[in-house]
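Listed below, chain by chain, are the residues.
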Number of protein chains: 2
Amino acid sequence: MNFIISTSVLLNNLLVAQKALSTKTPAPYLQGIKLEVYQNEVITITSNSDISIKLSIKDESLKIESQGEILIPGKFFVDIIRKLEGETVEFSVIDNNILRILAGDSDVTLNLLNVEDYPELDFPLNDEPIRLDSKIMKSIIRQTTFATSAIENRPILTGVNIRVEGEKLMAIATDSFRLSQKNVDIPKNLDNMNVVIPGKSLDELFRILESNLEEILIHLNHKSILFEYGNVLFQSRLLDGNFPETSRLIPVEFPVIIKFNKEKLFVAIDRASLLSSKEGSSSIVKLNLRNDNVVEITSNSPELGKVTEKVYPLEKTIGMSIKIAFSSKYFMDALKTFNSEEIYVKFTGEIRPFVIEGDNDPGLTQLILPVRTE
Amino acid sequence: MNFIISTSVLLNNLLVAQKALSTKTPAPYLQGIKLEVYQNEVITITSNSDISIKLSIKDESLKIESQGEILIPGKFFVDIIRKLEGETVEFSVIDNNILRILAGDSDVTLNLLNVEDYPELDFPLNDEPIRLDSKIMKSIIRQTTFATSAIENRPILTGVNIRVEGEKLMAIATDSFRLSQKNVDIPKNLDNMNVVIPGKSLDELFRILESNLEEILIHLNHKSILFEYGNVLFQSRLLDGNFPETSRLIPVEFPVIIKFNKEKLFVAIDRASLLSSKEGSSSIVKLNLRNDNVVEITSNSPELGKVTEKVYPLEKTIGMSIKIAFSSKYFMDALKTFNSEEIYVKFTGEIRPFVIEGDNDPGLTQLILPVRTE
């Protein structure tokens with residue numbers, strides 16, 4: 001095996017490939033990057049227990065002298081390529097188990113792992129994948145995964161439920177204290193689907209999705225989901241089990257609707273959270289819509305002190321006065337997901353879940369359960 | 001006590017004051033910021049076991065209604081001021097033990113600490129302080145404190161030795177494996193001094209020294225050193241004990257002197273350190289001056305692989321070939337302190353300390369002990 005490639009092209013690909021590298025694993029081969037060198041293409045494969053990534057590198061800088069496949073210690077390989085000088089780098093295999101790397105004034109040899117230990121990984125493509133704008137895919141991830149559960153006692157809630165029903169794709173995440181839902185329109189001619197993708201897998205996908213590529217293809221199989229994007233195949237396992245039916249959780253009638261400037265509401269809650277009583281790791285803040293249409297955001301910590309923030313709704317509020325208490329973190333997390341500068345907070349009652357929506361965020365619903373106080 | 005001040009002016013001062021706040025302390029009053037409000041001046045005092053900071057705030061935005069002194073929970077106070085909106089902020093004391101803070105649409109009350117618990121701190125000024133350009137003070141700190149010992153078994157080595165002898169100020173730090181020395185010329189009419197300042201104190205001083213103020217005044221007392229800088233008084237305790245006599249450690253004759261481009265040498269050592277045998281937390285790298293005037297930087301890890309880097313000296317090297325092994329971290333730490341693009345590495349022998357100097361860094365000497373191998 002012997003080839004030359006542009007150092008920066010290789011590095012940019014390795015920075016994607018390493019997202020699926022295992023760092024701690026009982027299987028040392030999963031700490032390796034598998035390199036398959038063909039006549040005019042170099043393929044990298046990396047895999048951990050959640051995701052597998054396959055990259056096809058076809059670059060004009062690529063000069064392949066001889067083909068082959070090897071398994072390289074991943075972390076060291078990426079560290080070395082990152083620090084190399086010289087526009088191009090040359091690879092050759094010595095004695096079947098040593099990789100020699102030549103670039104600029106550097107001469108590096110790296111002991112290889114046994115490529116025969118590496119499992120055969122399948123990256124199955126469907127004939128009719130779902131096609132999504134990659135910006136929309138990024139929005140879906142950004143607006144939902146934060147609401148997945150971080151604790152493992154109900155594993156299904158650590159994932160995002162993706163459903164395709166007719167012309168609608170729905171992404172839903174909940175940790176049972178809050179719920180995020182994003183609905184997106186898609187072409188009609190697709191089979192219905194209902195899967196749960198680990199939130200961590202989606203976070204990794206988010207990090208490698210650039211905004212300049214237009215389309216992402218989603219291939220769904222029985223046990224896995226595969227995202228095809230540029231020269232990247234990104235596969236994630238699915239979570240077993242039934243995602244809770246959440247449609248009845250979202251209220252449909254809202255006697256009180258308050259329209260806010262998002263930023264002004266955010267900073268008021270942020271300040272109030274500084275001096276608030278804690279419930280677990282979360283700060284409890286109260287919202288009080290007064291009869292004069294002024295909203296007070298308040299907190300009170302007997303030890304530390306009190307905060308009272310006045311926020312002025314953008315329109316005369318529909319409905320009666322209301323007092324409600326909530327986790328400031330959940331409210332701020334939810335507000336961050338909106339592109340809209342103006343948002344609506346919709347209340348059903350003082351101990352009922354409330355909903356946040358925005359005009360410039362069609363299909364996005366953030367729901368938060370209030371906290372009972374006193 | 002009642003006054004109004006520009007929010008940003010106050011915040012900028014608090015960001016300096018908080019450097020001396022204790023976070024974990026058995027003495028809760030040391031978590032407080034003491035505010036002394038006079039007729040036309042607000043003073044803040046903060047203190048922990050190593051340093052004390054006194055700031056005098058005289059700003060045109062300051063409107064003082066009534067004087068007094070209070071002790072405010074420091075962390076919460078800084079957090080609140082950081083997040084306030086509104087150009088100015090108004091403070092008033094209620095019931096002797098509550099601070100009310102009004103700014104924009106925010107109304108905050110903060111429970112105060114008992115100001116009578118706060119110790120009386122002295123910030124004594126001398127008639128004839130040492131005067132230094134603040135840029136030179138920053139250089140001294142940057143070029144020496146990194147070489148102090150991080151472990152406490154010889155406490156004196158966790159400090160930087162500052163000596164004034166005639167027209168010379170010397171700063172020396174060593175962890176017994178390396179030594180940094182910076183000599184600076186000063187006016188003659190000063191008493192000799194010889195003190196050891198905790199490295200951590202100097203690191204904090206470094207963070208608050210801006211480069212736009214020209215002069216720093218150094219007031220030395222029996223038990224402490226006080227830096228006067230703009231509206232800041234920064235006082236540090238001194239370390240007890242005798243700093244080791246280091247003058248004989250630095251060789252004076254160098255049979256081998258190699259001139260390098262600093263950056264090229266740095267990146268070669270950095271790459272070699274990736275695949276090197278470890279001694280403690282440190283990577284061991286070898287330098288080999290060949291007879292053909294090429295320098296090889298090499299490392300070898302039986303498990304991982306080998307690196308050989310070629311570096312070309314900038315001039316025909318004086319002296320014979322030499323092989324020497326050293327900690328890559330120590331060498332790179334030392335190189336980072338030089339402003340010079342071209343540096344000299346000066347050798348006495350293969351198991352003798354070697355020295356790094358640079359033409360554009362007068363008075364700066366970095367010394368490193370080699371590592372014995374085989």
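Glancing now at the overall build of chain A. Of regular secondary structure, chain A possesses six helices and 26 strands. The C-alpha extent of chain A, read off along each of the three principal axes, is 80 × 50 × 35 Å. By residue count, 39% of the 374 residues in chain A fall in the buried class. Across chain A, contacts joining residues at least 24 apart in sequence account for 68% of those joining residues at least 6 apart.

Expressed as a screw operation, the relation of chain B to chain A combines 0.0 Å of axial shift with a rotation of 180°, fitting to an RMSD of 0.0 Å. What the superposition gives is, in effect, a two-fold axis relating one chain to the other. Of every C-alpha in chain B, the one belonging to Arg207(B) sits nearest the axis of rotation, 16 Å from it. A shared binding surface is used by both copies, with 100% of the interface residues of chain B retained as interface residues in chain A.

Here we come to the sheet that holds strand β4 (residues 51–57) of chain B. Residues and elements named next belong to chain B. The eight strands lie next to each other as β6-β2-β3-β4-β17-β16-β15-β10, forming an open sheet whose pairing is antiparallel. Here the strands that pair on one side only, and so sit at the sheet edges, are β6 (68–73) and β10 (130–133). Averaged over all pairs of adjacent strands, the angle between their axes in this sheet comes to 20°, without regard to strand direction. As paired strands, strand β2 (residues 32–37) and strand β3 (residues 42–47) are joined by four bridges and run antiparallel to one another.

Bringing the sheet that holds strand β24 (residues 342–347) of chain A into the picture now. Residues and elements named next belong to chain A. In space, the eight strands of this open sheet follow the order β14-β11-β12-β13-β26-β25-β24-β18, with antiparallel pairing throughout. Edge strands, defined here as strands with exactly one partner in the open sheet, are β14 (193–198) and β18 (256–261). Strand after strand, the sheet turns through a mean of 20° between neighbouring axes, direction not considered. Sheet topology note: the strand β13 (residues 178–185)/strand β26 (residues 364–368) ladder contains five bridges and is antiparallel. What sits directly across from Leu 179, in β26, is Leu 367. Helix α5 (residues 262–274) rests against β18 and β24 of the sheet, and its axis sits at about 95° to β18. Along the sheet, helix α6 (residues 328–336) makes contact with β13, β25 (354–358) and β26, crossing β26 at roughly 175°.

All right, on to the interface of chain B and chain A then. By convention, interface size is frequently given as the accessible area that disappears when the constituent parts associate. With 26 residues of chain B in contact, the opposing surface of chain A contributes 26 residues. Note: strand β9 (residues 106–111) of chain A against strand β22 (residues 305–311) of chain B, five bridges, orientation antiparallel. Across the sheet, Thr109(A) pairs through a bridge with Lys306(B), a residue of β22(B).

What follows deals with the pairing of β22(B). Residues and elements named next belong to chain B. Residues Gly 305, Val 307, Glu 309 and Val 311 line the buried face of β22, whereas the alternating positions Lys 306, Thr 308 and Lys 310 sit on a face that is not buried. Sheet topology places strand β21 (residues 295–301) next to β22; seven bridges connect them, and they run antiparallel. Each residue of the ladder has a partner; that of Val 295, found in β22, is Val 311. The hairpin formed by β21 and β22 contains three residues between the paired strands.

A separate point is the nonpolar core. If you look at soluble globular proteins, the nonpolar side chains tend to sit buried side by side. Among the nonpolar cores identified, the biggest contains 185 residues, and Ile53(A), Ile72(A), Ile53(B) and Ile72(B) are the most heavily contacted of them. In this structure Ile53(B) touches Val16(B), Ala17(B), Lys19(B), Ala20(B), Thr46(B), Val232(B), Leu233(B) and Phe234(B), once residues within four positions along its chain are discounted.

Attention shifts here to the domain arrangement of chain A. Residues and elements named next belong to chain A. Domain boundaries assigned for chain A yield domain 1 (2–117), domain 2 (130–247) and domain 3 (250–368). Centre-to-centre separation of domain 2 and domain 3, based on C-alpha positions: 28 Å. Taken residue by residue, the interface counts twelve residues in domain 2 and eleven residues in domain 3. Put simply, the parts of the chain that give the side of domain 2 that touches domain 3 at least two residues each are α3 (134–144) and β13. Sorting elements by how many residues they give to the side of domain 2 that touches domain 3 places β13 first, with seven residues. Taken together, the residues that form the side of domain 2 that touches domain 3 break down as four nonpolar, five polar and three charged.

With respect to the element layout, Glu116(A) can be found in the loop between β9 and β10 (130–133). Under the C-beta neighbour-count criterion, Glu116(A) is labelled exposed, with 8 such atoms within 10 Å.

As a further point, take the packing of α5(A) against helix α2 (residues 74–83) of chain B. Packed helix pairs are characterised by how far apart their axes lie and by the angle those axes make with each other. Where α5(A) meets α2(B), the axes come as close as 10 Å, and the angle between the chain directions of the two elements is 170°. It follows from the interaxial angle that α5(A) and α2(B) lie roughly antiparallel. Contacts between α5(A) and α2(B) pair Val267(A), Asp270(A), Arg271(A) and Leu274(A) from the former with Phe76(B), Asp79(B), Ile80(B) and Lys83(B) from the latter. When its residues are assigned to classes, the contact of α5(A) with α2(B) shows four nonpolar, no polar and four charged.

All names here are of chain B. We note that Asp 95 has phi near 55°; this positive angle belongs to a residue other than glycine. Among the secondary structure elements, Asp 95 is positioned in the loop between β7 (88–94) and β8 (98–103). Here Asp 95 falls in the exposed class, since 7 other C-beta atoms lie within 10 Å of it. Of note, the phi angle at Ser 176 is positive, near 80°, even though the residue is not glycine. For Ser 176, the location among the structural elements is in the loop between β12 (168–174) and β13 (178–185). Residue Ser 176 is classed as exposed on the basis of its 12 C-beta neighbours within 10 Å.

So, how was this worked out
Residue positions are counted from 1 within each chain, in the order its sequence is given. Chains carry letters and ligands carry numbers; both start at the beginning, A for chains and 1 for ligands, and go up in the order they are written. Selection of residues for local features in this predicted model requires a pLDDT of at least 70, selection of side-chain atom pairs for listing and counting requires 80 or more, and totals for whole chains, interfaces and linings are taken over all residues. For the purposes of this entry, the term helix denotes a DSSP run of H or I that reaches at least four residues, the term strand denotes a run of E that reaches at least two, and both are numbered from the N terminus. In this scheme every C-beta is placed from the backbone, and a residue whose C-beta has 20 or more other C-beta atoms within 10 Å is buried, one with 12 or fewer is exposed, and one in between is partly exposed. It is the C-beta atoms, placed from the backbone, that decide contacts: two residues are in contact if theirs lie within 7 Å. The least-squares superposition of copies is restricted to C-alpha atoms, and to residues with a pLDDT of at least 70 in both copies. For two strands to be treated as a pair, DSSP must find at least two bridges joining them. Convention adopted: a line fitted to C-alpha atoms gives each axis, helices being fitted over their contacting stretch, and angles between N-to-C directions are expressed from 0 to 180 degrees. Buried Ala, Val, Leu, Ile, Met, Phe, Trp, Tyr and Cys residues form a nonpolar core when they are connected through C-beta atoms within 7 Å. The domain boundaries here were taken from an automatic or database domain assignment. We call Asp, Glu, Lys and Arg charged. Ala, Val, Leu, Ile, Met, Phe, Trp, Tyr, Cys and Pro are nonpolar, and the rest, Gly among them, are polar. We call two directions roughly parallel when the angle between them is under 35 degrees, roughly antiparallel when it is over 145, roughly perpendicular when it lies between 65 and 115, and oblique otherwise.

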